[in-house]
Amino acid sequence: MSPEEQALALIEAARAGDGRAVARLLRHVEDETEVGLAAWRRLFKAVGQAWVVGITGPPGVGKSTLICRLAQAYRERGLEVGVLAVDPTSPLTGGALLGDRIRMQELASDPGVYIRSLATRGAVGGVARATGRLVSVLDALGYGVILLETVGAGQDEVEVAAIAGTTVLVLMPGQGDEIQALKAGLVEIADIIVINKADREGADQLAAQLRSVLRLGTTRSEGGDWTPPIIKTVAADGVGIGELLSAIESHRAFLVRSGREAERRRAALRKVIWREVESLLLRRLSRDPAAGAEFEGLVQRVEAGEFDPIAAAAFLLERLAAPVSARSNPDP
């Protein structure tokens, strides 16, 4: 079968409820195989139905447990749930630890929940490079809610806001540097702030500090009309999950009512197109021997002082965009 035929067969099996087909489909898309790219292009026309909730925050705050409780709550409402947990990548093997998937095993027996762990593979911003594609695949397959958990590695996890409709920042009492992290940028992407493990000492003090930070008038992409609610939860016991669910629904309703959901989707599409430009170039360089050789030749010419890096990049773009017959002359 051709890649298009294989892609169509996988899509049909996945939509029929075959979990193995879903897994194979996502693997093909993540690995950018011909089958995966054909499937993604076909499925992209059907995106836009799911609501994507990004869950971010420092390690150890209980993001995985919170996601388990949210997934269970959405299942009780009859929605199918996709969970994408982005794990840190080993710098030696390139593999992921998959710890989040292990912690979500209690969801594994529910056929209405699909869980997948992703390796960052060197991507910055707390999410893997293929995350946006996989979100759109689950969306097109009919999952009503997609919960996206980021690595939780620090203050640069703002990429999740470009994918999620609602971004939930999770903190816990006693970490010491929560407010500094917020001031450094996370508060700008937080639509909802959760203080998890709120039964611990210091939860009320942390909530008061957060309210002070929010009152400073942080500039927000929504124009300042939405003030992130601060919700206390004890996810391990299911405390506060209903309130969090209501806050997510309120935020979605606000975006729809204000017209900003459409603005977010348009901004996300811009990023998708830019990323596909980048992916096309990377695939061309890695899979086309001639293009790869040309790139290595440019490296040598920059090393020799013939080109500076910007000129080399511009030259390479021109060469890659030109027809094959026009790329026989190696000189600019």
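What counts and what doesn't
- Residues numbered from 1 in each chain as written.
- Predicted model: local features only at pLDDT ≥ 70, side-chain atom pairs only at ≥ 80, totals over all residues.
- Heavy atoms only, no water.
- Core = buried A, V, L, I, M, F, W, Y, C linked by side-chain atoms within 4.5 Å.
- Buried < 20%, exposed > 50% of the residue type's maximum accessible area, 1.4 Å probe, protein only.
- Helix = DSSP H or I, 4+ residues; strand = E, 2+ residues; numbered from the N terminus.
- Contact = heavy atoms within 4.5 Å.
- Pairing = 2+ DSSP bridges.
- Phe/Tyr/Trp six-rings, centres within 6.5 Å; stacked < 30°, edge-to-face > 60°.
- Lys NZ or Arg CZ within 6 Å of the ring centre and 35° of its normal.
- Axes fitted to C-alpha atoms, helices over the stretch in contact; angles between N-to-C directions.
- Parallel < 35°, antiparallel > 145°, perpendicular 65-115°, else oblique.
- Nonpolar A, V, L, I, M, F, W, Y, C, P; charged D, E, K, R; others polar.
- Salt bridge = Lys/Arg side-chain N within 4 Å of Asp/Glu carboxyl O.
- Polar contact = N/O pair within 3.5 Å; in protein donor to acceptor, adjacent residues only side chain to side chain.

(A) Molecular detail of the nonpolar core. Within the largest apolar cluster, 35 residues are counted, with the highest numbers of intra-cluster contacts made by Leu70, Tyr74, Leu147 and Leu244. Of all the elements in the fold, those that place two or more residues in this core are β1 (51–56), α4 (63–76), β2 (81–87), β3 (113–119), β4 (145–149), β5 (166–171), β6 (192–195) and α9 (241–258). If we ignore the near neighbours within four places in the chain, the residues touching Leu70 are Ile55, Leu147, Ile241, Leu244, Leu245 and Ile248. One finds Val35, Ala39, Tyr114 and Ile146 within the second-largest nonpolar core, a separate group that totals 33 residues.

(B) Structural view of the pairing of β6. Taking every second residue as pointing to the same face, both faces of β6 are buried, with Ile192 and Val194 on one and Ile193 and Ile195 on the other. With four bridges connecting them, β5 and β6 associate as parallel partners. When the bridges of β6 are listed, Leu171 appears paired with Ile195. Direction of pairing for β6 relative to strand β7 (residues 230–232): parallel, over a ladder of three bridges. Counted as the bridge partner of Ile193 is Ile230 from β7.

(C) Local environment of the pairing of β4. The buried fraction of β4 is high, at five of five residues. Covered by surrounding structure in β4 are Val145, Leu147 and Glu149 together with Ile146 and Leu148, the residues of both alternating faces. Summarising the sheet, β1 and β4 pair through five bridges and their orientation is parallel. Residue pairing in the sheet places Gly54 in a bridge with Leu148 of β4.

(D) Layout of unusual backbone geometry. Despite not being glycine, Glu32 shows a phi value in the positive range, around 60°. Here Glu32 lies in the loop between α2 (19–31) and α3 (34–43). On the basis of relative accessible area, Glu32 is assigned to the buried category, the value being 10%. Its identity as a non-glycine residue notwithstanding, Lys197 has a phi of 55°, on the positive side. As for its position among the elements, Lys197 is in the loop between β6 and α8 (203–214).

(E) Quick peek at the packing of aromatic side chains. Counted by the stated rule, this structure contains three aromatic pairs. Aromatic side chains Trp40 and Phe44 sit 5.3 Å apart centroid to centroid with 55° between the ring planes, which places their arrangement in the tilted category. Note on Phe44: relative accessible area 29%, which makes it partly exposed. We note Arg133 situated over the ring of Trp40; from NZ or CZ to the ring centre the distance is 5.1 Å.

(F) Looking closely at the packing of α2 against α3. Relative to each other, α2 and α3 sit at 105°, their axes nearing to 7 Å. The orientation of α2 relative to α3 falls into the category roughly perpendicular. Touching Leu25, His28 and Val29 of α2 are Val35, Gly36, Ala39, Trp40 and Leu43, all from α3. Residues of the contact of α2 with α3, tallied by class, amount to six nonpolar, two polar and no charged.

(G) Region of the structure containing the pattern of salt bridges. By the definition in use, this model includes 10 salt bridges. Residue Arg27 pairs with Glu30 through a salt bridge whose shortest N-O separation is 3.6 Å. Residue Arg27 and its partner Glu30 are both found in helix α2; the two are separated by three residues, about one turn of the helix. What makes Arg27 partly exposed here is its relative accessible area of 38%. Salt bridges here are not isolated pairs; linked through shared partners, they connect Arg27, Glu30, Asp31 and Arg116.

(H) Quick look at the environment of Glu30. The class of Glu30 is buried, set by a relative accessible area of 9%. Sequence separation of Glu30 and Trp40 is 10 residues, and the distance between their C-alpha atoms is 9.9 Å. A distance of 3.2 Å separates the side chain of Glu30 from the side chain of Arg116, its partner in a polar contact.

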